[in-house]
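# Structural characterization, general
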Amino acid sequence: MLENLRKYHIILASNSPRRRELLAGLGIDYEVRTIQGIDESYPAELPVEQIAEFISAEKAAAYQKQLTDDELIITADTIVVVDSEVLGKPHDEADARRMLHKLSNRTHQVITGVCLTTAEKQRRFSVTTDVTFKELTDEEIDYYIMNYRPFDKAGAYGIQEWIGYIGVTGLHGSYFNVMGLPVQRIYNELRDF
């Protein structure tokens with residue numbers, strides 16, 4: 001389907017099983033390559049809507065020197081934003097509980113920044129999805145944290161897990177973006193690459 005990509009060896013730079021599953025769903029052959037310890041900090045004055053794309057570009061820069069002429073690497077970063085506060089991955093149970101209380105009975109934004117990078121060029125973009133949660137009870141939050149351990153997820157939740165089933169009452173935008181990879185947009189960008 002994506003004939004223009006035949007000249008490239010596609011690399012996904014992510015340890016996320018969700019991103020692997022989503023990219024595989026496009027029917028693209030790829031390999032996973034990761035570098036540990038990439039700095040994911042960002043300038044404090046950076047507008048929140050630019051943070052995920054900035055971090056994704058920083059990740060791409062860490063790989064760019066290693067790329068051969070026939071390789072195309074996909075890097076991504078996802079953040080959750082509520083009231084202009086960026087909710088990253090929770091440090092512990094208390095932090096996860098705080099985040100889920102903050103998201104309860106509210107609408108927040110999930111922003112994923114993506115970079116498609118070769119030795120010669122780069123395409124950068126981000127996708128935003130609005131997600132609304134019902135009012136979550138303490139019991140629901142505790143059950144989710146204890147049974148799903150969402151410490152590797154921005155905003156302390158995975159929409160494809162139990163909390164998404166019982167808690168999400170509204171979604172405006174890409175569901176797959178909330179999972180961590182806006183595959184619809186990636187497909188279009190790769191088609192035009």
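Residues numbered from 1 in each chain as written. Predicted model: local features only at pLDDT ≥ 70, side-chain atom pairs only at ≥ 80, totals over all residues. Heavy atoms only, no water.

## So, helix α7 (residues 183–191)
- Along α7, the residues that are buried comprise Val 183, Ile 186, Glu 189 and Leu 190. Down the axis of α7, the smallest arc covering the buried residues is 120 degrees, so these residues share one side.
- Looking at the buried residues of α7, the elements they touch are α1 (17–24), β3 (71–82), β5 (107–117), β6 (122–133) and α6 (175–179). (Buried < 20%, exposed > 50% of the residue type's maximum accessible area, 1.4 Å probe, protein only. Helix = DSSP H or I, 4+ residues; strand = E, 2+ residues; numbered from the N terminus. Arc of directions from axis to C-beta. Contact = heavy atoms within 4.5 Å.)

## Structural notes on the layout of surface pockets
- Considering only enclosed or pocket space, the largest pocket measures out at about 810 Å³ in volume.
- Surrounding the largest pocket, 36 residues form its lining, Arg 19, Glu 40, Lys 59, Asp 77 and Lys 89 being those nearest its centre.
- Per-class residue counts for the lining of the largest pocket are 17 nonpolar, 11 polar and eight charged.
- By volume, the second largest pocket is sized at about 260 Å³.
- Lining the second largest pocket we find 13 residues, and of these Leu 2, Leu 5, Gly 27, Ile 28 and Asp 29 sit closest to its centre.
- Here the residues of the lining of the second largest pocket sort into eight nonpolar, two polar and three charged. (1 Å grid on protein atoms, 1.4 Å probe; cavity = no way out; pocket = protein on both sides within 12 Å on 5 of 7 lines; lining within 4 Å. Points joined across faces, edges and corners; volume = space filled by probe spheres on them. Nonpolar A, V, L, I, M, F, W, Y, C, P; charged D, E, K, R; others polar.)

## Some details on the nonpolar core
- Among the nonpolar cores identified, the biggest contains 41 residues, and Leu 72, Ile 74, Leu 116, Tyr 157 and Leu 190 are the most heavily contacted of them.
- Ranked by the residues each element gives to this core, the list is headed by β3, at five residues.
- Membership of the second largest hydrophobic core comes to seven residues, among which are Leu 46, Ile 51, Ile 55 and Ile 79. (Core = buried A, V, L, I, M, F, W, Y, C linked by side-chain atoms within 4.5 Å.)

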